Amino acid sequence: MLRGIDLTVEEGETVALLGRSGSGKSTLLKAVNGVVALAGGEIWFEGRRTAEWDPIRLRRRMGYVIQDAGLFPHWTVEANVGLVPRLEEWKPAAVAQRVRFLLQAVGLPAEEFRRRRPRELSGGQKQRVGIARALAADPPLLLMDEPFAALDPITRFDLQRQFLELRRTVRQTALFVTHDVREALMLGSRVALLKDGELDVVLPAAEFVHARTTEARAFLASLEER
Amino acid sequence: MNPRLVSEIAALSLEHLELVAITMAIAIAVAIPAAVALARHGRARRVAMGFANLAQTVPSLALFGFLLPLPWIGGIGKSTAIVALCLYALLPILRNTLVGILGVDAAVRESAVAMGMTRRQILWHVELPLAMPSIVAGLRIATVTTIGTATIAAAIGGGGLGVFIFRGIAMVDTPTILAGAVPAAVMALAADEGLEWIERKLSS
């Protein structure tokens, strides 16, 4: 399904993987953390091929955020956010401190939210918790699969701004899947456009508006239609 | 009431409870691990569910009869009765455990995998806790039907409250039938209420 993809993500940058449904962008993301096995080719992470990593260790080094947040409904917000640190056997006090810090960082006052269950949160709040959970063990790479796609436009914009802020403050490296060209341009330092499982074009976000390929122009046209 | 009758009711109720408790313990020990294994294998799941459904359709008196001539598990007595009761109790537990595990939200499972939880951690900390209300609902159905069906165990020498019922039928004596039927019904109602209460606690 994916062919001839050659892409490097530098430390501190956010690469937006842009493409239509079925273009392979989510599959590419899942290949990075080993949820989807590679038929050929290789992915390098922290100086080693991902195939050489213990998949469990590899995934704990990568934060992961999906569209519906995928929070554990039977756990409190605090337990959800502290998951990976607990799996990594941090001391309880360290986990609690980290959870508190992250909830504040994503704009949820810890005292008010840490004991709540996911069903007591709005869609935007769930997604904030999802991001806090993904960042909990300070992963070198953050994988995001259309994290804001299901939110209403105002909440989405709010979270997008917060994500930009987070990117600036912690210099988080991220791969960000989206089908929204506006979001790709706003959040990506570079935009990688996928078409039918192949890389169509990769450009810095600022230059992407001048991209010449048919697929890129099709996406850019949706920006101009107003 | 005749004190001899009272002590016989107590003794047979206890024997009945014993049949039910042993049956449920075995059925749980078989059905829940089986459901966990089957949750990951679609084809085996269809075969096993087919078998469990089939066992359920055999009329209970006939099933007790079929088991009688079999070596090892057959013969007159408690063990044959327990084997037959287990065959009935398996299906609701198996089905409800499967429904519970397979019903875990795909997004929850996806993020559990992507967070680097091992299969075992996902099973114990995510799948089973989330499936628990459904599992308890299955236990409830299985317990209540086992209490009722266990009265038939007396037909093959399994003992329990069915002893009164078969004796009452033979003597055409309604009070004797009731001496077996009423305690069994009370037991079933109590089990139903108790497990429903646990079920409610778990799903809130």
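In this text the structure is predicted, and so the values were computed from the model without any measurement.

A. Expanded view of the overall build of chain A. A count of helical and extended segments in chain A gives 11 helices and eight strands. The globule rule puts the C-alpha radius of gyration for 226 residues at 17 Å, and the 18 Å found for chain A is close to it. Its C-alpha atoms give chain A principal-axis dimensions of roughly 50 × 45 × 30 Å. A burial count over chain A gives 39% of its 226 residues as buried. Put simply, 68% of the contacts in chain A that link residues at least 6 apart link residues at least 24 apart.

B. Highlighting the interface of chain A and chain B. The interface is formed by 15 residues belonging to chain A together with 13 residues belonging to chain B. Only α2 (55–60), β4 (62–66) and α4 (83–87) of chain A provide two or more residues apiece to the side of chain A that touches chain B.

C. Focus on the nonpolar core. Among the nonpolar cores identified, the biggest contains 107 residues, and L17 of chain A together with L85 of chain B are the most heavily contacted of them. Counting residues per element, this core draws most heavily on helix α4 (residues 78–102) of chain B, which supplies 14 residues. Each of domain 1 (1–61 + 140–226) and domain 2 (73–139) of chain A accounts for three or more of the residues forming this core. With residues up to four places along the chain from it excluded, the contact list for L17 of chain A reads K25, L28, L29, L175, F176, V177, A192 and L194 of chain A.

D. The arrangement of the packing of helix α7 (residues 162–171) of chain B against helix α8 (residues 174–203) of chain B in detail. Residues and elements named next belong to chain B. Here α7 crosses α8 at 165°, and the two axes come no closer than 7 Å. Comparing their axes, α8 and α7 come out roughly antiparallel. Read as a crossing pair, α7 and α8 show a hand that is left-handed. Contacts between α7 and α8 involve G162, V163, F164, I165, R167, G168, I169 and M171 on the former and, on the latter, T174, T176, I177, A179, G180 and A181.

E. Local environment of helix α5 (residues 92–105) of chain A. All names here are of chain A. Taking 1.5 Å per residue, 14 residues should reach 20 Å; α5 reaches 20 Å between its end C-alpha atoms and fits that length. Considered for burial, the residues of α5 that qualify are V95, R98, V99, L102 and L103. Projected down its long axis, α5 shows its buried positions confined to an angular sector of 130°, all on one face. Turned more than 90 degrees away from the buried face of α5 sit A93 and A94, all of them exposed.

F. Fine view of the domain arrangement of chain A. Residue and element names in this part refer to chain A. Parsing chain A into structural domains produces domain 1 (1–61 + 140–226) and domain 2 (73–139). Centre-to-centre, using C-alpha coordinates, domain 1 lies 24 Å away from domain 2. When residues of the side of domain 1 that touches domain 2 are traced back to their parent elements, those giving at least two are β5 (141–145) and α8 (153–170). Taken together, the residues that form the side of domain 1 that touches domain 2 break down as nine nonpolar, two polar and three charged.

G. Focus on the environment of P133 of chain B. Residue and element names in this part refer to chain B. As for its position among the elements, P133 is in helix α6 (residues 119–149). Taking the C-alpha atoms as reference, P133 lies 20 Å from R40; in sequence the two are 93 residues apart. Setting aside its immediate chain neighbours within four residues, P133 contacts E199, L202 and S203.

H. Representation of the sheet that holds strand β7 (residues 190–195) of chain A. All names here are of chain A. On the basis of which strands lie adjacent, the open sheet formed by six strands has the order β4-β5-β6-β1-β7-β8 and mixed pairing. What marks the edges here is a single partner per strand, and that holds for β4 and β8 (198–204). Strand-to-strand twist in this sheet, taken as the mean axis angle between neighbours without regard to direction, amounts to 15°. In the sheet, strand β1 (residues 14–19) pairs with β7 via five bridges, with the strands oriented parallel. Its bridge partner lying in β7, A16 is registered against V191. Here helix α7 (residues 123–135) sits on the sheet in contact with β4 and β5, set at roughly 165° to β4.

I. Up close: the pairing of β4 of chain A. Residue and element names in this part refer to chain A. Of all five residues in β4, five are buried; the element is thus mostly enclosed. Alternating residues of β4 divide into M62, Y64 and I66 and G63 and V65, and every residue in both groups is buried. Pairing geometry for β4 and β5, over five bridges, is parallel. Along β5, the bridge assignment pairs I66 with D145.

J. Geometry of the packing of α6 of chain B against α8 of chain B. Residue and element names in this part refer to chain B. At their nearest, the axes of α6 and α8 sit 9 Å apart, and the two run at 180° to each other. Classed by the angle they form, the pair α6 and α8 counts as roughly antiparallel. In this structure, α6 contributes M132, P133, V136, A137, L139, R140, T143, V144, I147 and G148 to the contact, and α8 contributes A184, M187, A188, A191, D192, L195, E196, I198, E199, L202 and S203. Partitioned by chemical class, the residues of the contact of α6 with α8 number 14 nonpolar, three polar and four charged.

K. Layout of unusual backbone geometry. Despite not being glycine, E146 of chain A shows a phi value in the positive range, around 45°. Mapped onto the elements, E146 of chain A comes out in the loop between β5 and α8. For E146 of chain A, a count of 20 C-beta atoms within 10 Å gives the class buried. For V172 of chain B, which is not a glycine, the phi torsion comes out positive at approximately 50°. Tracing the backbone through its elements, the reader meets V172 of chain B in the loop between α7 and α8.

L. Broad picture of the confidence of the model for chain A. Residue-level pLDDT values for chain A average 91, and 99% of them are 70 or greater. The secondary-structure element of chain A with the lowest mean pLDDT is helix α11 (residues 214–224) of chain A, recorded at 87, while helix α3 (residues 77–81) of chain A shows the highest, at 96.

M. Region of the structure containing α8 of chain B. Under the 1.5 Å per step criterion, the end-to-end length of α8 of chain B is 42 Å for 30 residues, consistent within 8% with the ideal 44 Å. Within α8 of chain B the residues assigned to the buried category are A179, G180, A184, M187 and A191 of chain B.

Rules behind the numbers
The numbering scheme is per chain: residues are counted from 1 as the chain's sequence reads. To label them, take the chains in the order written and letter them from A, then take the ligands in the order written and number them from 1. Thresholds applied to this predicted model are a pLDDT of at least 70 for local features of residues and 80 or more for the giving and counting of side-chain atom pairs; totals over whole chains, interfaces and linings are not thresholded and use all residues. Note on conventions: DSSP H or I runs of at least 4 residues are helices, E runs of at least 2 residues are strands, and numbering of each starts at the N terminus. Each radius of gyration reported is based on C-alpha atoms, and the globular scaling rule is 2.2 Å times the count of residues to the power 0.38. Once C-beta atoms are placed from the backbone, each residue is buried if 20 or more other C-beta atoms lie within 10 Å of its own, exposed if 12 or fewer, and partly exposed for counts between those two. We call two residues in contact whenever the C-beta atoms placed from their backbones are within 7 Å. Take the buried Ala, Val, Leu, Ile, Met, Phe, Trp, Tyr and Cys residues, join any whose C-beta atoms are within 7 Å, and the set you get is a nonpolar core. Residue ranges assigned to each domain were obtained from an automatic or database domain assignment. Throughout, an axis means a line fitted to C-alpha atoms (over the contacting stretch in the case of helices), and angles, computed between N-to-C directions, take values from 0 to 180 degrees. Relative orientations are named as follows: roughly parallel for angles under 35 degrees, roughly antiparallel for angles over 145 degrees, roughly perpendicular for angles from 65 to 115 degrees, and oblique for any other angle. Should the near helix be turned anticlockwise from the far one by less than a right angle, the crossing is termed left-handed; should it be turned clockwise, right-handed. Here, expected helix span is obtained from the residue count minus one, scaled by 1.5 Å. Each C-beta atom gives one direction from the helix axis, and the arc is the one those directions make. Residues are grouped as follows: nonpolar covers Ala, Val, Leu, Ile, Met, Phe, Trp, Tyr, Cys and Pro; charged covers Asp, Glu, Lys and Arg; every other residue, Gly included, is treated as polar. By this definition, two strands are paired if DSSP reports at least two bridges between them. Along the chain, pLDDT gives the predictor's confidence residue by residue, from 0 to 100.

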